[in-house]
Each structure stands twice: as C-alpha cells, then as structure tokens.
Amino acid sequence: MWRMNCYSSGVRERDMGQHVSLFLELLNKSSSVEAIFGAWLKGNGRQNSTSAKRTLAYGYITFVCAIMVVSGNSISVPPSDLGEHLGRLLNGTDVSFNVDGETFHAHRAVLAARSPVFHVGLLGSMAEATMPAITLHDIAPAVFRVMLRFMYTDTLPGDDELGTSPFEMMQHLLAAADRCALDRLKLLCAQRLWDKMSVDTVAATLACAMYSCSELKNKCIDFFAAEKNFKKAVLTDGFLHLGQKFPSIIADLRERVGA
Amino acid sequence: MSGGGPPRKRNFKIEAFKHRVELDPKYAERTWKVLEHAIHEIYNHNASGLSFEELYRSAYNMVLHKYGEKLYDGLQSTMTWRLKEISKSIETAQGGLFLEELNAKWMDHNKALQMIRDILMYMDRTYVPTAHRTPVHELGLNLWRDHIIHSPMIHSRLLDTLLDLIDRERMGEVINRGLMRSITKMLMDLGPAVYQDDFEKPFLEVSASFYSGESQEFIECCDCGNYLKKAERRLNEEMERVSHYLDAGSEAKITSVVEKEMIANHMHRLVDMENSGLVNMLVDDKYEDLGRMYALFRRVPDGLSRIRDVMTSYLRETGKQLVTDPERLKDPVEFVQRLLDEKDKHDKIISVAFGNDKTFQNALNSSFEFFINLNNRSPEFISLYVDDKLRKGLKGATEEDVEVILDKVMMLFRYLQEKDVFEKYYKQHLAKRLLSGKTVSDDAERSMIVKLKTECGYQFTSKLEGMFTDMKTSQDTMQDFYAKKSEELGDGPTLDVHILTTGSWPTQPSPPCNLPTEILTVCEKFRSYYLGTHNGRRLTWQTNMGTADIKATFGKGQKHELNVSTYQMCVLMLFNNADGLTYKDIERDTEIPASDLKRCLQSLACVKGKNVLRKEPMSKDISEDDTFYFNDKFTSKLVKVKIGTVVAQKESEPEKQETRQRVEEDRKPQIEAAIVRIMKSRRVLDHNSIVAEVTKQLQARFLPNPVVIKKRIESLIEREFLERDKVDRKLYRYLA
C-alpha cells in the first residue's frame, strides 16, 4: 500500500512556500522494497512537462505518478548444487572398476541411482553385487572416465578436456550412454555431434547413431538428403564404409530423398 | 571417485569409433547358448554365480547386431519349456499341498522373471518396442497364465480348491488367509480378466446360491430381529473377507449378492412378520433392531421406501383410532397430551434409529397432518391444552421447560388445517384467563403469542395483543382513579374495572342487568371519571361477566366471604331487603336473562356446600314457580367460599355449533377478498383455476370448501365485481 503526500507549500521553512512537494510513502510495515518511481505534471493536450507555467489549466494542476516495484520480499535461492557436491565425493567408495588396466573407484548407490543397468548389476542378485572389483569390457578408460564424471556431476566437460579428438570421444560416449541406459548423456552427446555436423562428419556420425540414437539418426538423414549437402557427402570415404556396413541406410536415404 | 594416476586428460587419444565386436551367425548362436544356460541357472536358483556384466553385454551385442529376434524367440521357447515342467510338478501335488506348491512356484517364477528381464534390459528397451513384441515381464506373465493357470489339469482344480476353502470358512473353519491372499493377488497380476473369469464370476455365483439357501433356512426359523442380526453378520463377514484376501473391486459385487439374497428377496416378509416385524418394533421402541433394519434396507432398492410406507400406514391407522375414540375425547387435555407423546415417541425413533432421515420426518409429519384433521374438534382441544398449561400446568416450571412445551404445541398447531378455528378458541380461552386473572406466567403467555405471530403473521395475533394491552391499561386507569377520587368514594364498595376494547375481545355483548344501588353509585362515579379523560368513547357494563366478593353473616353469626359472579351478586343483594323472594320477583328486579338466571339460581341454591339460598320446593331444577329464602343454616368449613367460577370447558354441542357457524361466517369475506385479489391481477380466469388459486392462498388459515367458493363467486357477480363470459359459462372476467 502506497500513499502520495502532497504539500502545496513545500515542506521546509526555507522554501518559503514557493514549491509544491510530493512524497511517496510505503504504508505496509514490511521491511524493504525496491521500487522505481516517477512523477510529472499532466499537460493540457501537449507534452507532459515539468514546467508549471505550461500546465496550469483553469487554476488546476494534475500530477501523474507511476510506481514500479522491482524486488519484493522474496528470498533468493541459488540454483541446484547437487552435481557439484556429488562430484567432490571422495570417501566411502565401495566398488572398483577395472577398465583395460585402469582402476576407477565409485559408490554403488550413486551409480545405481543414475543408471538402471548399474542398479541391477551392483545391487541385484548376481555375482557383481558381492564382488569388490568388477571388470568392464568393450569400453575405453578415457570414455569410462568421462561417463563416470557425468554420473556424479550431471555435466559434460568442454571439448578442451576431451583429449585430442573430441569428435571421436563423443561417438564412443554416445554408444556407451546407450548401452548403460544414460538417456540424458546420450542426448548431450547427440547435441554436440549435431553441432559439429558437416558434409565430412555426417557419415561417421550416422554410423554411430544408427542403433543408438534415433533422434540423431533422423537428423543425419535429413542433413544428408538436403540438396546442398548430398552431392558432397555422398563422395566421402565415410559414406562408402557406411554403405558397406549398413546397407539398410541406402534404402532409408533413398526414401528420404524421394528418388 | 578418483581415476588411476595423475590427471592425463588432455593427452589421450581415442580411436575412431567403430563397433568392436563382430557377430556372425555362429558367434550369435554361441552367445545365445550362454544366455540360455543362464536362464536355466536362474530357474535353478543359481543366479548368484552368474556375471551380470557378461550376460548383459551378450544380450546387448546380439541386439546391436540385429539378432534381437533370435534372442526373443529363444527366450520365449526356453521359458515355455520351463513352465511346462513346473506345471507337471504342481499337478502332482497332493490334496492340501496343491495350493502351496502353486504359490511357491509362482514366487519362484516371479523372481526368475525379474532377473531375466534385468539381463535382457537392452532388448526390452530397443528391440521390443520397434518390433512391437510383448515386453519381457508381460511375456512371462502371459506364459504363466497360458501354461499353468489355463492348463486343463490345474485350471478347474484351482477354482474348486479356492471355492471349497471359502465355503469352509463360511461354515466356521479357519483357513490359511495369507495363502489365499497370495493366490488372488497372482490372479490379479495376471490381469483383471483372469481374476474375474477364472475366479470372481464363479465365486459370485456360488455365493449367491449359498446365501439363497441360508436365507431360506433362517427366515423359516428366526424372528425379524434375529434374522436381521444374522444378515448383518454375514454382510460384515464378506466385507472382511474381501479386505483380507480378495481384490478390493470384489467388495461391491459380493455385498450386492448378499444384499439381494438375504435382504431384497425377503424384504416384504421381514417387514410384515407377525409379532416381530416393523410395526412391532415401532410399538416396542426397539431402537437397535430398527436401526439395523434401516441400515440394511438402505442398501437395497426400495428398501427404505417400504419401511416408510408401512410406518406411514401404521401411524395413520393408530392416529385415526386415537382421534375417533370417544373415550379419549372426553378429556381434551389428555387427548392432546397423548398426541404429543406419540409425536415424541416417533421423533425419538427417527432420531435414534433412522439417523434423522428427512424423508421419514416428512412421512411422520404428513401422517400427523392426516389424522389430526380427521377430528374437527382438534383445534379446540389444542387450545384447551394450552389453556390448561397456562392456567396451572406450567406452575413452577423453568423458562426452558415452558419453551419446550410451547414449541411442541406449535408443532401440532402447524398440522392443523383449520387454523382459524384454533384462533377463535384461543381468543375465547385467553379472554377467560385474563379476565379471571388465572394465568401462571405473563411471560409464558407472551411467549406463546410470539410463536403464533412467527408462524402466522401479524394479523393472527394483533387482537390477542390488544387484549393484553387492555388489561395493562385497565390497571393503570384503576390506579389513577383511586388516586384522584379516593375521598369522594369514602367507604363504598371497592371497584376493579377491566375496560375491554370492543372487537378485540371475543365476548358477546349483552344488555346490563339491574345492579344494586351501592354498586351503581360507584360505577357511575367511575363512568364520569373515565369519560372525563376519554372524550367521545362509550362504556357499557358487561354484567354477564365479572365477579364480586361479598361479606355475608349467617344465622349463628358465622361470617363468610363469598366469591360470586355479577349476576349472583345482584340476586343475593336483593335478600338484604327480603327474606324470601319468588323466581318472578327476582327476575323482575334484576332483569337477568332467563337462562342465565336459572343457572345462577341453581348454583346458589342447589349445590351442596354452596347453598347460601334455600329453595322451595327442594327439587333439583329451577322452575318459575319456585320461591327462594336466605339460608340461615348455611355452614362451611372455609371462611372464603367460592360459588360459580368461569372456567373454560369444552363446549357443549349447541355452543360448538355456534362457534362453527361464526367461523364459517368469518371465512366468507376472506374467500371473497382472495377471489377479488386473484381476479384483479389475472383479469380473466376459468372456474377451476380460481378454486385452485383461492385454496392455495388461504391454505395457511383453512381449507376452503369449493361449494362455498362457488357461492361467493356468484355473490360477487351479483354485486358486479365479476361477470360471466357470454360464450363460455365457466370463464369469469374482472369488472374494474
């Protein structure tokens, strides 16, 4: 609740009644509010002005005031720091992974929470549930490291931290995410790969997205089929390998292009 | 978490991506064999030795390399084979162990299915949706349903076992409820259709015939109250059964079976049962039984309306007998008390046993309304009841008690159709109470007026209030009179005047008789005093009312104070100047009307203990040839003797006729006013509509007779308020 206080002969003695004073008063007993406030004299048809001479009409003067409350009484809350905290978790690890000679320590509960595959493996009723160390096959340690980091922090590092070939890293990561049922990671990788889409990369990307990520696959096919890309893309080595490995792709493309 | 060694993030190289593992058909077959073996190990309870990582990876590779179909089909045939083996082991279980074996194997299957689904998770997420095949878990349930539950050897045995156990439990045996729970849950997990077709439907059929038989047995040997107890018990049993080991959806179905078989099918027989049915319960105030009947009958269609109908006809019958029984009608106060008691009794039944059900309350009200109006003396009797209470019945009662009793009376009042008749009698009785000063509490009187006003509006009570005002004003006037005129009056007789506004009071004016001189003097003084302060008014002495206190000295000097009526006073004062007077003398001197005089003389001369006059001859009746003498020999134990009180009694036949006639007369202008009001707003209306509208408008006071309405219309036509339409004789038009 606000109140306009108007003193037609000013408020200070030394003004000697030659000013009109306007004050804006907050009536609520709440603590503090930030507001933007403006006041001016209403003109008679012409521009609003702060000069009294032009705005006196029939002995009356009109003040117009506008108040905009900027920040109210809300309490600001910082964004989620769950990933940050988990990322710093070093103690209490209860399982270790053997990946091509490298060892990684982790917490069963965290991994189980993040991936249904790990959930079953680590907390289920088969051998791994009681084994202190587990060997993982068909995955590179660097890839596993990034995936593990993701499972704790929910973030992917930038390209500069992904080794000398970030593009290949993304492809491996996409397949790994698909295999371990980490859907968000999968889409993050797909996004990165899509950002780097070009006539040179489309075939390789398509090869890895074939079975792992249908969103990416469809986008690749669309990209391929686009007029300006087709001719060039079709002539790359990557496309050759693509055709050999996945003959069905040719049929998909044909359909898409409308040949 | 930590990686091995110092961070080497920026320096590693990754190979170009390609799928590592190649999978040719032979390799695929070998991979499948690994998985097949795992499935068997799982069913053999050897899962803990299996490597999840290896199995998951194998399935993943098969699906990735387009061998999803082979994997799925393999799963299906392996599981089918497994279940067929399980089926055999269940079939061979002996007697009581059948259900347990089935349950145990079901638990096993569920556990195995879970683990198999875990291993084949990748296939479930990718191959199954795209190939539109049934997901693994559902597949496992379907196979169980097809090869176990629907296997011919097991299917009927399962149903029979379940129904047999339920039957035994109904007969009082204790059964394994946990096992039952597990089995029914299994059926529900296999699909609601399985539960319903393979268990619930037959269960309901069997239950229906069970309860049909049992209810027949009970109804032959139990009385109504006990039968209802048993029905209630069975109902509760079934609900408990559902909550313990059946699916919740079965509750409504089984309860409706019990309701139908035990209650609906025998509803009429129960209500009408001799010596124990509804009417007996009502008469004996069997609240618990009635409450049970209400709760049970509520569940079946038309149950409550049946109870209501029987109750209504019972009430109407009893009420009718009550109001037409000549014995009861001898004492009006008792009569009304009996009505109030009946109302209280049934109010309590409805409140305690029928949960204050509004429809029952309405049935009670309509029944009362029906039979109270069967006797056209009801309005008079109710007024007499109030009169009795306000005269003496409420003496010493607290304010709350008074309110309670008056409110109950108002309830009966509301039932009356002829409220205007009540008004007439109430006025009469009130007048007598006020004039004789015989009211228990002014506040109680006022309270009753307020209630009547609230119920019927201002017009109903304006005259009654006028009577109260007159009494108060008279008091003030008398005070003033004595204050101003005391010297003038000296030692004359003391006068207490009640000044009644004509029109407010129900009294019939009659010409004044000859008052004794002493009285006349003081009366005249009062008259001139009053007319001095109230110009333009006219006062007439009502000598047919009023009382006098006379001091009398008898033969041996006994002094008594006699309380007599005005007429009696006039007669007695004559004997100050004569010892003996003939009837004709008295008649001439007092000018009291003949019938009143005869009654007056009878009370003075022929009543034992009050015979201050002696009559010759000593017959019971007064004849015009009788002579009267002052009775010197009069004795009484009391110093103050009361002769002749004006008590409200129930009217004699001729009086009743008179009152009724006056009521009819009063109704005529009311009907006419209603007709005029209606015609003024409608302008043109047919005969039947007028009758209906008039009835509606007047129903708060009385029920107009259509014949009377017709006569009034004709009278209004004669006086040119209305005219008949020239073409249609049944149509009337308003003449402005």
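Residues numbered from 1 in each chain as written. Chains lettered and ligands numbered in written order. Predicted model: local features only at pLDDT ≥ 70, side-chain atom pairs only at ≥ 80, totals over all residues. Heavy atoms only, no water.

As annotated in an unreviewed UniProt entry, chain B carries the name Cullin family profile domain-containing protein and comes from Panicum hallii var. hallii. As recorded by UniProt, the Sequence similarities (unreviewed entry) comment attached to chain B reads in full: "Belongs to the cullin family." (UniProt positions renumbered as here; feature names shortened; annotations may be inferred.)

As annotated in an unreviewed UniProt entry, chain A is BTB domain-containing protein from Panicum hallii var. hallii. Comment text from UniProt for chain A, heading Pathway (unreviewed entry), reads "Protein modification; protein ubiquitination." Chain A has a UniProt comment under Sequence similarities (unreviewed entry) that states "Belongs to the Tdpoz family."

A.B. asks: Teacher, can you tell me more about the overall build of chain A here?
C.D. replies: Looking only at helices and strands, chain A features eleven helices and seven strands. At 33 Å, chain A has a C-alpha radius of gyration far larger than the 18 Å of a compact globule built from 259 residues. Taken over the C-alpha atoms alone, chain A extends approximately 95 × 60 × 30 Å along its principal axes. Each charge class in chain A was averaged separately, 26 positive and 26 negative side chains, and the resulting centres sit 12 Å apart. (Helix = DSSP H or I, 4+ residues; strand = E, 2+ residues; numbered from the N terminus. Rg over C-alpha atoms; globule rule 2.2 N^0.38 Å. Lys, Arg positive; Asp, Glu negative; His and termini not counted. Charge placed at Lys NZ, Arg CZ, Asp CG, Glu CD.)

A.B. asks: So what exactly am I meant to see when it comes to the UniProt feature "domain: Cullin family profile" (unreviewed entry) in chain B here?
C.D. replies: Within this numbering scheme, the UniProt entry marks residues 377-605 of chain B as carrying the feature "domain: Cullin family profile" (unreviewed entry). Taken end to end, residues 377-605 of chain B is 63% helix and 7% strand, and its first and last C-alpha atoms sit 34 Å apart.

A.B. asks: Please clarify how the nonpolar core should be interpreted in this entry.
C.D. replies: For soluble globular proteins, nonpolar side chains are generally found buried alongside one another. Residue and element names in this part refer to chain B. Grouped together as the largest cluster of nonpolar side chains are 78 residues, with contacts concentrated most on Phe 297, Phe 354, Leu 412, Tyr 426 and Leu 452. Aside from chain neighbours lying at most four places away, what touches Leu 452 is Met 410, Phe 413, Phe 422, Tyr 426, Gly 457, Phe 460, Thr 461 and Leu 464. Judged by nonpolar contacts, the second largest core, of 76 residues, contains Ala 59, Val 63, Leu 141 and Val 194. (Core = buried A, V, L, I, M, F, W, Y, C linked by side-chain atoms within 4.5 Å. Buried < 20%, exposed > 50% of the residue type's maximum accessible area, 1.4 Å probe, protein only. Contact = heavy atoms within 4.5 Å.)

A.B. asks: Explain the UniProt feature "domain: BTB" (unreviewed entry) in chain A here, please?
C.D. replies: Annotation from UniProt places "domain: BTB" (unreviewed entry) at residues 93-160 of chain A. Annotated as 41% helix and 21% strand, the span residues 93-160 of chain A places its first and last C-alpha atoms 29 Å apart.

A.B. asks: Where do I start with the sheet that holds strand S7 (residues 133-136) of chain A in this structure?
C.D. replies: Note on sheets: strands pair through backbone hydrogen bonds, and any given pair is parallel or antiparallel. Residues and elements named next belong to chain A. In spatial order, the strands read S6-S5-S7; together these three strands make up an open sheet with mixed pairing. Whereas interior strands pair on both sides, the edge strands pair on one side only; in this sheet they are strand S6 (102-106) and S7. Across the sheet, the mean angle separating the axes of adjacent strands is 25 degrees when strand polarity is ignored. Pairing geometry for strand S5 (residues 95-99) and S7, over four bridges, is parallel. Residue pairing for S7: Val 99 is matched across the bridge by Leu 136. Across the sheet, helix H4 (residues 141-153) lies against S5, S6 and S7, angled at about 10 degrees from S6, the strand it touches most. (Pairing = 2+ DSSP bridges. Axes fitted to C-alpha atoms, helices over the stretch in contact; angles between N-to-C directions.)

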